[in-house]
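Observations on the three-dimensional arrangement
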Amino acid sequence: MENQQQSRRLRFSFRNATILVCFFNVVTFLLLLQGFLSALSNKKSSPNQPDAAQLRYIMESEEIRRSMEPVELIKRVREIEEEAYTEPEQLQQKTSKQASAVDLSKRLKFIRASGDPNSQKGDYLRT
């Protein structure tokens with residue numbers, strides 16, 4: 001008899017739990033449905049158009065942001081960047097001249113080394 005009461009309580013409690021969960025699901029569904037419907041009705045009435053107070057706030061914040069920009073610093077940075085771009089061109093010209101000079105000296109050494117010894121002796125005696 002005691003087993004029957006315990007099993008009856010368990011069945012009763014599971015059934016109550018199921019009903020309670022279903023009730024919460026229905027309430028949640030209704031709340032979500034109301035939220036979606038109210039959001040749709042708000043979009044239809046004013047689609048992305050801020051009112052005058054919001055526009056004034058946006059304009060004031062833009063003015064404050066622009067006034068806080070370090071304009072002089074930005075100008076100086078741009079000048080430095082321009083100087084940095086012109087300097088590598090000058091350095092590149094110097095390095096290309098140096099490279100051509102080194103190449104020329106290597107060619108001269110190769111020509112002198114590859115010549116026969118008799119012609120080199122003659123060159124030294126002529127000078």
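Report follows, based on the coordinates. Bear in mind the structure is a predicted one, so any value in this text is a computation, not a measurement.

This part takes up the overall build of the protein chain. Assigned secondary structure in the protein chain consists of 4 helices and 0 strands. Listing every helix and strand of the protein chain by position from the N terminus yields α-α-α-α. Out of the 127 residues in the protein chain, the part that is buried amounts to 1%. Carbon and sulfur atoms provide 60% of the accessible area of the protein chain, an area that totals close to 12,800 Å².

A cluster of nonpolar side chains, namely Val26, Phe29, Leu30, Leu33, Leu37 and Leu40, defines an oily patch on the protein surface of about 580 Å² accessible area. With respect to the element layout, valine 26 can be found in helix H1 (residues 2-45). Residue valine 26 is classed as partly exposed on the basis of its relative accessible area, which comes to 47%.

Attention shifts here to the packing of aromatic side chains. Throughout the structure, instances matching the rule amount to 1 aromatic pair. With a centroid separation of 6.1 Å and 55° between ring planes, the pair formed by phenylalanine 23 and phenylalanine 24 is classed as tilted. A residue is classified by how much of its surface remains accessible, and phenylalanine 24, at 48% relative accessible area, is partly exposed.

For side chains bearing opposite charge, pairing can occur when the charged atoms are close. Enumeration according to the criterion identifies 5 salt bridges in this entry. Ionic pairing is found between glutamate 69 and arginine 65, a salt bridge with its closest N-O pair at 3.3 Å. On the accessibility criterion, arginine 65 (41% relative accessible area) is partly exposed. Look at the salt bridges and you will find they share partners, linking Glu62, Arg65, Arg66 and Glu69 into a network.

Each value, and the rule that gives it
- Each chain carries its own residue numbering, running from 1 in the direction its sequence is written.
- Only residues with pLDDT of at least 70 are given local features in this predicted model, and only at 80 or more are side-chain atom pairs given and counted; all residues enter the totals for whole chains, interfaces and linings.
- Working from all heavy atoms in the structure, the side-chain values ignore hydrogens and water.
- Working definition: helices are DSSP H or I runs of at least four residues, strands are E runs of at least two. Numbering for both runs from the N terminus.
- To sort residues, take the accessible area from a 1.4 Å probe on protein chains only and compare it with the maximum for the residue type: under 20% means buried, over 50% means exposed, and anything in between is partly exposed.
- Surface accessibility follows the Shrake-Rupley procedure with a 1.4 Å probe radius. Residue values consider only the protein chains on display as shielding.
- Exposure above 30% relative accessible area and the absence of a salt bridge qualify a residue for a patch, where like charges join within 9 Å and nonpolar side chains (Val, Leu, Ile, Met, Phe, Trp, Tyr) within 5 Å.
- Salt bridge criterion: a side-chain nitrogen from Lys or Arg within 4 Å of a carboxyl oxygen from Asp or Glu.
- Each Phe, Tyr or Trp ring (for Trp, its six-membered ring) is paired with any other whose centre lies within 6.5 Å, and the angle between the two planes then decides the class: stacked below 30 degrees, edge-to-face above 60, tilted in between.

What is shown is where atoms sit, not what they do.
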